Amino acid sequence: MTKFREEDVYIFNKERECMSREEFRELQLRRLKKVVRYAYDNVPFYRDLYDKNNVSPDDIKTLEDIQLLPFITKDDLRNTYPFDLQAAPKEDWVEVHSTSGTTGIPTVAAYTQKDLDIWAECTARGLASVGVHKKDIVNIAYGFGLFTGGHGAQYGAQKIGALAVPMSSGNTKKQMNFLKDFPADFLCCTPSYALYIAESFERAGIDPKTVPIKGGVFGAEMWTEEIRQKLEDKFGISAQNIYGLTEVMGPGVSTECHIKDGMHIAEDHFYPEIIDPDTLEVLPEGETGEIVFTSLTKTGMPVIRYRTKDITSLNYDKCECGRTTVRMSRIIGRSDDMLKVKGVIVFPKQIEEVIMAMDELSPAYQIIVSRPDTLDEIEVQVEIDQATFSDSMTNLEEFKYKIGKEIKEAIGIGVKVTLAEPYSIPRSEGKAKRVIDKRNFN
């Protein structure tokens, strides 16, 4: 039985989260004009880019005129490493964050105090939507350091007035002790780590439902409705999605409310567009494509028409919760992380949905793509759940066939399925690494 109570959720900033569409557009246009002029005047990169494309801040007269501006990408951020995109003078910087840089040069963003205040506001909105109040304790098991996850959740909790416990990720035994003994009302971390914590409680003979937490805000990696269901069933909580990226701000760019029908974008601060990742044309409302963000109020490092590579769609209908902010659907993949195997586009999320729907399997899995000869192969390693595992478990080959058949129906091509013993697939205390691509394209 869930410990979540709908009457505990609320709208943190009704003035901003419940504006009419006309009010939003007027505010966004004023802020768009201001940030484009600000970037042009203070960042040589933007000035050179706009001059090269024969566009100036004076050309922005309507919101649609944003399409006159060129896109920027992660490559642009890497090429201006470390601080050539910063607009505010160095004496105004109060904090710096960075991506991991595991696939190249890291991207670095400096924040002014105004930026941190806005960030706290945005994450507070998200935490309020899961029911965080001043009296509550929020256990934050996102990473800290240069990663934005832990800091953003902490600023949001403190903005509300709640007690933030900056546990960071890792040290799972200590996490378990704090969650049940401290006790925390809410948990913020990656969904894969939340599942690992639940699994660790079960291995210790403790039912996760006995842990006091009643809600969680999970993000920093793609996850499915099936993972949400497992989290809610194991802990007896409401599990909601939060989205953000270092380049734009951090967690809190958008967050699900308790209705769970898309993530509300803080569009008074972040202007979204959906484009076709191939043609770069802006797509009509409701269509699926790559989401592009413009930070309307960021002063440290404004990003204008930043291509996130995340695939989603936008819904401008008023939500049942009362908010009027546009909602983005759950991220289904990335335009640069789609797997092309045997000519077929495969999103890892499609495979995850099949695995999570099977009670006999644990949430741990890995997808290994290789090319042993001239043809691509996908191996999906899945783990039998401890509750159903037995040395005498029969019909393993039949079970493997069933998994393979359902995955093939989902993605359109066959895969090799490997069954692993319980707890044998590596767990993550941060972002889970689900896909290993061993192909050499050189």
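Fair warning: this is a prediction, and the values are worked out from it, not measured in the lab.

**Concerning the nonpolar core**
Next up, step 1: Tyr46, Tyr50, Tyr243, Phe270, Phe293 and Met328 are the most contacted members of the largest nonpolar core, which has 50 residues in total.
Next up, step 2: Of all the secondary structure elements, the ones that give two or more residues to this core are helix H2 (21-42), helix H3 (44-52), strand S2 (108-112), helix H5 (113-130), strand S9 (263-265), strand S10 (270-275) and strand S11 (289-295).
Next up, step 3: Tallying contributions element by element places H2 first for this core, with 6 residues.
Next up, step 4: Counting residues in each nonpolar core, the second largest holds 46 residues, with Tyr193, Ile367, Ile403 and Ile407 among its members.

**Observations concerning helix H11 (residues 396-411)**
Next up, step 1: Helix length check: H11, at 16 residues, gives a terminal C-alpha distance of 23 Å against a target of 22 Å (1.5 Å per residue), a fit within 8%.
Next up, step 2: Backbone geometry just downstream of H11 places glycine 412 in the positive-phi region, at approximately 95 degrees.

**Concerning the sheet that holds strand S13 (residues 314-315)**
Next up, step 1: Read across the open sheet, the 9 strands follow the order S4-S3-S5-S6-S7-S8-S9-S14-S13; overall the sheet is mixed. One side of each edge strand has no neighbouring strand; the edge strands of this open sheet are strand S4 (163-165) and S13.
Next up, step 2: Note: strand S7 (residues 238-244) against strand S8 (residues 251-256), 3 bridges, orientation antiparallel. Its bridge partner lying in S8, tyrosine 243 is registered against serine 254.
Next up, step 3: Running over the sheet, helix H6 (residues 148-160) touches strand S3 (137-140), S4, strand S5 (186-189) and S8 and is turned about 175 degrees from S3.

**Section: helix H8 (residues 191-203)**
Next up, step 1: With 13 residues, H8 ought to run about 18 Å at 1.5 Å a step, and its terminal C-alpha atoms sit 18 Å apart, in line with that.
Next up, step 2: Burial analysis of H8 places 10 of its 13 residues in the buried class, which makes it a mostly covered element.
Next up, step 3: Within H8 the residues assigned to the buried category are Pro191, Ser192, Tyr193, Ala194, Leu195, Ile197, Ala198, Glu199, Ser200 and Phe201.
Next up, step 4: For H8, the secondary structure elements touched by its buried residues are helix H7 (172-181), S5, strand S6 (215-219), helix H9 (225-235) and strand S18 (361-370).
Next up, step 5: The first or second residue beyond H8 is glycine 205, which carries a positive phi of 80 degrees.

**Description of the pattern of salt bridges**
Next up, step 1: Here the structure, examined in full by the defined rule, presents 25 salt bridges.
Next up, step 2: Taking the shortest distance from any N to any O, the salt bridge between aspartate 75 and arginine 78 comes out at 3.6 Å. One end of the pair, aspartate 75, and the other, arginine 78, are both in helix H4 (residues 74-79), 3 residues apart, so they sit about a helical turn from each other.
Next up, step 3: For aspartate 75, a relative accessible area of 45% gives the class partly exposed.
Next up, step 4: For arginine 78, a relative accessible area of 18% translates into the label buried.
Next up, step 5: Residue glutamate 256 is joined to arginine 228 by a salt bridge in which the shortest nitrogen-to-oxygen separation is 2.7 Å. You can see glutamate 256 sitting in strand S8 and its partner arginine 228 sitting in helix H9, a full 28 residues away along the chain. Pair check on accessibility: glutamate 256 and arginine 228 agree, each one buried.
Next up, step 6: The structure contains a network of salt bridges with shared partners spanning Arg16, Glu121, Arg125 and Asp268.

**Digging into the environment of tyrosine 193**
Next up, step 1: One can find tyrosine 193 in helix H8.
Next up, step 2: The spacing of tyrosine 193 and isoleucine 227 is 34 residues in sequence and 11 Å in space, taken between C-alpha atoms.

**Details of the pairing of S3**
For a regular strand, the rule is simple: side chains alternate between the two faces of the sheet.
Next up, step 1: Where burial is concerned, the two faces of S3 agree: the one with Ile137 and Asn139 and the one with Val138 and Ile140 are both buried.
Next up, step 2: Pairing geometry for S3 and S4, over 3 bridges, is parallel. Note on S4: the bridge partner recorded for isoleucine 137 is leucine 163.
Next up, step 3: Viewed along the sheet, the connection from S3 through H6 into S4 turns out right-handed.
Next up, step 4: As judged from the 3 bridges shared by S3 and S5, these two strands associate in the parallel manner. Counterpart to asparagine 139 in the pairing with S5 is leucine 187.

**Brief notes about the sheet that holds S11**
Next up, step 1: Taking strand neighbours across the sheet as the criterion, the 4 strands line up as S10-S11-S12-S15 in an open arrangement whose pairing is antiparallel. What marks the edges here is a single partner per strand, and that holds for S10 and strand S15 (333-334).
Next up, step 2: Of the strand pairs in this sheet, S11 and strand S12 (residues 306-312) are connected by 4 bridges, and their pairing is antiparallel. Counterpart to glutamate 290 in the pairing with S12 is isoleucine 311.

**Some thoughts on the packing of H7 against H8**
For any two helices packed against each other, the geometry comes down to the angle between their axes and how far apart the axes lie.
Next up, step 1: Axis separation between H7 and H8 bottoms out at 10 Å; the angle between their running directions is 80 degrees. As summarised for this structure, H7 and H8 are arranged roughly perpendicular, according to the angle between their axes. Note on element contacts: H8 touches H7 through Tyr193, Tyr196, Ile197, Ser200 and Phe201, opposite Thr172, Gln175, Met176, Leu179 and Lys180.
Next up, step 2: For the contact of H7 with H8, a count of residues per class yields 6 nonpolar, 3 polar and 1 charged.

**Focus: the packing of aromatic side chains**
Next up, step 1: Counting across every chain of the model gives 9 aromatic pairs.
Next up, step 2: Between the aromatic rings of phenylalanine 45 and tyrosine 46, the centroid separation amounts to 5.4 Å while the plane-to-plane angle is 75 degrees, which identifies the pairing as edge-to-face. Tyrosine 46 carries the same exposure label as phenylalanine 45, and that label is buried.
Next up, step 3: Every member of this aromatic cluster is reached through a ring pair, and the members are Phe45, Tyr46 and Tyr50.
Next up, step 4: Lying over the aromatic face of tyrosine 423, arginine 203 brings its terminal NZ or CZ to 3.7 Å of the ring centre.

Calculation notes
- Residues numbered from 1 in each chain as written.
- Predicted model: local features only at pLDDT ≥ 70, side-chain atom pairs only at ≥ 80, totals over all residues.
- Heavy atoms only, no water.
- Core = buried A, V, L, I, M, F, W, Y, C linked by side-chain atoms within 4.5 Å.
- Buried < 20%, exposed > 50% of the residue type's maximum accessible area, 1.4 Å probe, protein only.
- Helix = DSSP H or I, 4+ residues; strand = E, 2+ residues; numbered from the N terminus.
- Expected span 1.5 Å × (residues − 1).
- Pairing = 2+ DSSP bridges.
- Contact = heavy atoms within 4.5 Å.
- Axes fitted to C-alpha atoms, helices over the stretch in contact; angles between N-to-C directions.
- Salt bridge = Lys/Arg side-chain N within 4 Å of Asp/Glu carboxyl O.
- Right-handed = clockwise from strand over helix to strand, strands pointing away.
- Parallel < 35°, antiparallel > 145°, perpendicular 65-115°, else oblique.
- Nonpolar A, V, L, I, M, F, W, Y, C, P; charged D, E, K, R; others polar.
- Phe/Tyr/Trp six-rings, centres within 6.5 Å; stacked < 30°, edge-to-face > 60°.
- Lys NZ or Arg CZ within 6 Å of the ring centre and 35° of its normal.

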